[in-house]
Amino acid sequence: MRLLILGAGGVGSAAARIAARRRVFSRVVIADFDLARAKRTAAEVDDPRFAPVWLDASEQSAIERLLAEEHIDAVLGATDPRFTMPIFRAALAKNVHYLDMAMSLSQPHPSDPYNLTGVKLGDEQFALGDEWTASGKLALVGMGVEPGLADVFARYAADNLFDTIEEAGVRDGANLVVEGVDGAPAFAPTFSIWTTIEECLNPPVIYERDRGWFTTEPFSEPEVFDFPEGIGPVECVNVEHEEVLLIPRWVDADRVTFKYGLGEEFIDVLKTLHKLGLDRTEKVRLPGGVEASPRDVVAACLPDPATLGDRMTGQTCAGLWVRGTGKDGRRRSTYLYHVVDNEWSMREYGSQAVVWQTAVNPVVALELIAEKVWTGSGVLGPEALPAEPFLELLAGEYGSPWGTREM
C-alpha cells in the first residue's frame, strides 16, 4: 500500500513510527504545512520508504495533485478537523481510500443548542455517501482511538457478548501527570488543544432510541468511573464525540453516550477560555495589523503535545461500558478497554501514550484494508466492519493488548 499521512504532529508522527515496522506499506509520504516537522518525522523513522513533503491541507487541489503524483492508495488525515473535508473530497476525487480520526465539524442548533442538534459531526461526510459507494472505495471515518477503538468494541460486544444493548457508553480517563519546569504538575494538554476546545465546549450529543440524537449542556451528568489497571476513580462528564453519531448507525442500542474524565482543573480552564472568548475561531485584528483567531493563539501558547512524553508519567485508558442482556439471557455489564502506559510507549516508539494510542488504530485498519480483510465501499464507521480481525492484530502483532472487566 502507498500511503499519504497528512499531518506530522504528534499523532501523524506516531502513525509513521508504527507504520515503519509494517512491511505492508511500500511507500509512505508524510505531508505537513511545516516542512521541517515532516522532515523531522521522516528522519526519525530513517526508512527509505518514507518521504517528507510540504502541503497545505486546506487546499483540496494541492492534495489531489499529490495523491496523483505519488500514486497513493490510501490517505490518513492526521490534522485537526478543520481540514477534514478538503482531504475527504480530494480522496473521493482521486478515487483512493480515506481514513480520519476526527470527522467533519458540527454546528450547534441556532436557537436551541442544548436540546436540539444542528449540523452533527460527520453530516458533511455522510452527505457524500452515495458518491463514495459508487467510487468503490472506502471512506473509514472516526478510526482513531476515540472515535475508533470504542466503535470496534461496540461491534465486538454486539456480535459476541450481548443479545440486547441498553447503553453503550464510551468512558475515557487517565492518571497522566505532566511535570513542569519547576518539577510541579503543569497544565499541558496531552492532545490537540484546538480539538479539545472544540469537542468539550460544543453541546454534547446523546442518542436514545425513542428520541434519536439530542443535545445537553457541556460537562453535564458527572459520574465517577473506576478505570482499570491502577488508574482508579475519575469523574467523567458528557462531551461531544463522534462515537455517539456512529455507533447507532450499525449497532442496535437503546442509548449511546460519551463521557470523558477531564478533571476539575481542566474544566475550569475551558470554562474560563469560553468566558473570555478565547475559544473563538474567527480571526481578530491585533495591534500592528496582525490577524489571528483566539483559539490558535491559545494553542500556540501551550506546549506541543508531541513533546510532552519525557515529562509525562501514568497511563491512559479508552473503553466502552456496555450494559444489557448477555448471550446467556442474563443481565450483563461489561467494560471493554485499552490501556497504554506512557513509559512503555516512549521506550518502544518515542511517542507519548495519548498520541500513540490514537495513532495505532488507523495503522491497524490500513493494514486490514491493504490485506483485503476489511473490505467495502462508501462512508463507514469502524463498527460497520468485523471486530475480531482488528482486535487480534492489535493485541498480537502490534503488541498492545485490550481487556474486559465485568462491572
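The structure under discussion appears in the preceding block.
Note that this is a predicted model, so its numbers are computed, not measured.

Novice: Report on the pairing of strand β11 (residues 223-227), specifying residues and quantitative values.
Specialist: For a regular strand, side chains alternate in direction, first toward one face of the sheet and then toward the other. Examined bridge by bridge, β11 and strand β12 (residues 232-238) share 5 bridges and lie antiparallel to one another. Bridge pairing in β12 links F225 to V234. What sits between the antiparallel neighbours β11 and β12 is a turn of 4 residues, in which E229 has the positive phi angle 55°.

Novice: Go over the packing of aromatic side chains, please, and point to the residues and values.
Specialist: Counted by the stated rule, this structure contains 18 aromatic pairs. Residues Y349 and W356 carry aromatic rings whose centres are separated by 5.3 Å and whose planes lie at 45° to one another, so their mutual orientation is tilted. Of the two residues, Y349 and W356, both sit in the buried class. Its end group placed over the ring of Y349, R21 keeps NZ or CZ at 3.8 Å from the ring centre. Across the ring face of F162, the terminal group of R332 is positioned such that the distance to the ring centre comes to 5.8 Å.

Novice: I'd love a proper account of the packing of helix α7 (residues 149-161) against helix α14 (residues 387-395), names of residues and values included.
Specialist: The geometry of α7 relative to α14 is characterised by a closest axis approach of 9 Å and an angle of 125° between their N-to-C directions. Between α7 and α14, the crossing angle belongs to the class labelled oblique. The two elements α7 and α14 cross, and the hand of that crossing is left-handed. Within the contact between the two elements, α7 uses L149, V152, F153, R155, Y156 and N160 and α14 uses A387, E388, F390, L391 and L394. Class assignment for the residues of the contact of α7 with α14 results in 8 nonpolar, 1 polar and 2 charged.

Novice: Let's hear about the side chain of T195: which residues, and what values?
Specialist: Residue position: T195 is located in helix α8 (residues 193-201). The buried category is assigned to T195, whose relative accessible area is 10%. Apart from residues lying up to four places away in sequence, T195 is in contact with D80 and P81.

Novice: Lay out helix α11 (residues 294-301) with the relevant residues and their values.
Specialist: Listed as buried for α11 are P294, R295 and V298. Seen from one end, α11 has its buried residues packed into an arc of 100°, which puts them on one side. On the buried face of α11, the contacting elements are α8, α10 (264-275), β14 (284-285) and β15 (291-292).

Novice: Describe the packing of α8 against α11, with residues and values.
Specialist: A packed helix pair is summarised by two numbers, namely the angle formed by the two axes and the spacing between the axes. Taken N-terminus to C-terminus, the directions of α8 and α11 make an angle of 130°; their axes are 9 Å apart at the nearest point. By the angle class used here, α8 and α11 are oblique. Between α8 and α11, the contacting residues are I193, W194, I197 and E198 on the first element and R295, D296, V298 and A299 on the second. Taken together, the residues of the contact of α8 with α11 sort by class into 5 nonpolar, no polar and 3 charged.

Novice: Break down the pattern of salt bridges for me, with residues and values.
Specialist: Scanning the model with the defined rule gives 29 salt bridges in all. Across the pair E397 and R22 runs a salt bridge, and its minimum N-O distance is 2.4 Å. Note that E397 is positioned in the loop between α14 and β20 (403-406) and R22 in the loop between α1 (10-19) and β2 (27-32), a separation of 375 residues in sequence. Overall, the relative accessible area of 11% leaves R22 in the buried class. E223 is the salt-bridge partner of K259, the closest N and O atoms lying 3.0 Å from each other. With K259 in strand β13 (residues 255-260) and E223 in strand β11, this residue pair connects regions lying 36 residues apart in the sequence. By relative accessible area, which is 5% here, K259 ends up buried. Here the residues in one salt-bridge network are E167, R171, E208, E221, E223, R255, K259 and R323, joined through shared partners.

Novice: Please provide a residue-by-residue account of unusual backbone geometry, values included.
Specialist: For the bond from E146 to P147, the omega torsion is 0°, close enough to zero to count as cis. By secondary structure assignment, the location of P147 is in the loop between β6 (138-140) and α7. In this model, F219 sits at a positive phi of 65°, which is unusual for a non-glycine residue. Residue classification places F219 among the buried positions, given a relative accessible area of 11%.

Novice: Any details on the sheet that holds β2? Residues and values, ideally.
Specialist: Across the sheet, which stays open at both edges, the 7 strands sit in the order β3-β2-β1-β4-β5-β6-β19 with parallel pairing between neighbours. Pairing within the sheet leaves two strands with one partner each, and these edge strands are β3 (50-54) and β19 (378-380). The sheet shows a mean angle of 20° between the axes of neighbouring strands, taken without regard to direction. Where strand β5 (residues 97-100) lies against β6, 2 bridges are found, and the strand directions are parallel.

Rules used in this analysis
Residues numbered from 1 in each chain as written. Predicted model: local features only at pLDDT ≥ 70, side-chain atom pairs only at ≥ 80, totals over all residues. Heavy atoms only, no water. Pairing = 2+ DSSP bridges. Helix = DSSP H or I, 4+ residues; strand = E, 2+ residues; numbered from the N terminus. Phe/Tyr/Trp six-rings, centres within 6.5 Å; stacked < 30°, edge-to-face > 60°. Buried < 20%, exposed > 50% of the residue type's maximum accessible area, 1.4 Å probe, protein only. Lys NZ or Arg CZ within 6 Å of the ring centre and 35° of its normal. Axes fitted to C-alpha atoms, helices over the stretch in contact; angles between N-to-C directions. Parallel < 35°, antiparallel > 145°, perpendicular 65-115°, else oblique. Left-handed = near helix turned anticlockwise from the far one by under 90°. Contact = heavy atoms within 4.5 Å. Nonpolar A, V, L, I, M, F, W, Y, C, P; charged D, E, K, R; others polar. Arc of directions from axis to C-beta. Salt bridge = Lys/Arg side-chain N within 4 Å of Asp/Glu carboxyl O.

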